[in-house]
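As a plain string of letters, each chain reads:
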Amino acid sequence: DNNSDVPGNVTNAFLLESELTLHDTHTFLGRAEWVQKDELFDSGPLIGRTFSVGKLSLGYIYDIPIADHLKLGFGGVGSAYALPGDVRDAYGTPLSAMLFARLKLK
């Protein structure tokens, strides 16, 4: 019997996100997430257990006007994670970073 069309367990999540733009050039970003995950392990004694995982991301974008209604932005985002002990033992204490460029229509 194929149950691939049956959704998984229902879990909870919370997200708070905001940005602040100064002088139409500098944008500061913030995002906080808290989620319950039950698919972090595919084998072993922790398979199917639900864990609470948190993530905090902070970022910055610098926008440069390149045409009347177009800006080129350069930015970066860094993230830190809050993991329970069992998950941290398996995954470590991850940090992540991303650098990017964007085109923004205004």
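Located above this text is the structure these notes cover.
Okay, so let's go over this structure.

Cut-offs used in this document
Residues numbered from 1 in each chain as written. Predicted model: local features only at pLDDT ≥ 70, side-chain atom pairs only at ≥ 80, totals over all residues. Heavy atoms only, no water. Helix = DSSP H or I, 4+ residues; strand = E, 2+ residues; numbered from the N terminus. Rg over C-alpha atoms; globule rule 2.2 N^0.38 Å. Buried < 20%, exposed > 50% of the residue type's maximum accessible area, 1.4 Å probe, protein only. Contact = heavy atoms within 4.5 Å. Areas by Shrake-Rupley, 256 points an atom, 1.4 Å probe, with all protein chains shown as cover. Lys, Arg positive; Asp, Glu negative; His and termini not counted. Charge placed at Lys NZ, Arg CZ, Asp CG, Glu CD. Core = buried A, V, L, I, M, F, W, Y, C linked by side-chain atoms within 4.5 Å. Pairing = 2+ DSSP bridges. Phe/Tyr/Trp six-rings, centres within 6.5 Å; stacked < 30°, edge-to-face > 60°. Salt bridge = Lys/Arg side-chain N within 4 Å of Asp/Glu carboxyl O.

## Re the overall build of the protein
Working step 1: Check the secondary structure of the protein and you find 1 helix and 5 strands.
Working step 2: Tracing the protein from N to C terminus, the helices and strands come up as β-β-β-β-α-β.
Working step 3: Scaling as 2.2 N^0.38, a compact globule of 106 residues should have a C-alpha radius of gyration of about 13 Å, whereas the protein reaches 19 Å, well beyond that.
Working step 4: With the C-alpha coordinates aligned to their principal axes, the bounding extent of the protein is approximately 60 × 35 × 20 Å.
Working step 5: When the 106 residues of the protein are sorted by exposure, 19% land in the buried category.
Working step 6: Taking all contacts inside the protein whose residues are at least 6 apart in sequence as the whole, residues at least 24 apart take part in 44%.
Working step 7: Accessible area for the protein stands at about 7,700 Å²; split by element, carbon and sulfur atoms hold 59% of it.
Working step 8: Distance between charge centres in the protein, computed from 9 positive and 13 negative side chains, equals 9 Å.

## A word on the environment of H69
Working step 1: For H69, the location among the structural elements is in the loop between β3 (51-67) and β4 (70-82).
Working step 2: The exposure class of H69 is exposed, given its relative accessible area of 55%.
Working step 3: Aside from chain neighbours lying at most four places away, what touches H69 is K104, L105 and K106.

## As for the nonpolar core
Working step 1: Counting residues in each nonpolar core, the largest one holds 6 residues, listed as F41, L46, F51, V53, L83 and V87.
Working step 2: Apart from residues lying up to four places away in sequence, L83 is in contact with V53, R88, Y91, G92 and P94.

## Focus: the pairing of strand β2 (residues 26-37)
Working step 1: Examined bridge by bridge, strand β1 (residues 13-22) and β2 share 10 bridges and lie antiparallel to one another. Across the sheet, residue L16 finds its bridge partner in β2, namely A32.

## Some thoughts on the packing of aromatic side chains
Working step 1: Evaluated as defined, the whole model comprises 3 aromatic pairs.
Working step 2: Between the aromatic rings of F28 and Y60, the centroid separation amounts to 5.2 Å while the plane-to-plane angle is 50°, which identifies the pairing as tilted. On the criterion of sequence distance, the pair formed by F28 in strand β2 and Y60 in strand β3 is long-range, its members being 32 residues apart.
Working step 3: For the pair F41 and Y91, a centre-to-centre distance of 6.0 Å together with 70° between the ring planes defines the contact as edge-to-face.

## Let's talk about the pattern of salt bridges
Working step 1: According to the stated counting rule, one finds 7 salt bridges in the structure shown.
Working step 2: One salt bridge in this structure joins R31 and E33, with 3.0 Å as the shortest N-O distance.
Working step 3: Take R31: its relative accessible area is 29%, and that puts it in the partly exposed class.
Working step 4: Notably, a salt bridge pairs R102 with D63, separated by 3.0 Å at the nearest N-O pair. Of this pair, R102 sits in strand β5 (residues 95-105) while D63 is found in strand β3, placing the two residues 39 residues apart along the sequence.

That's the geometry; what it means functionally is another story.
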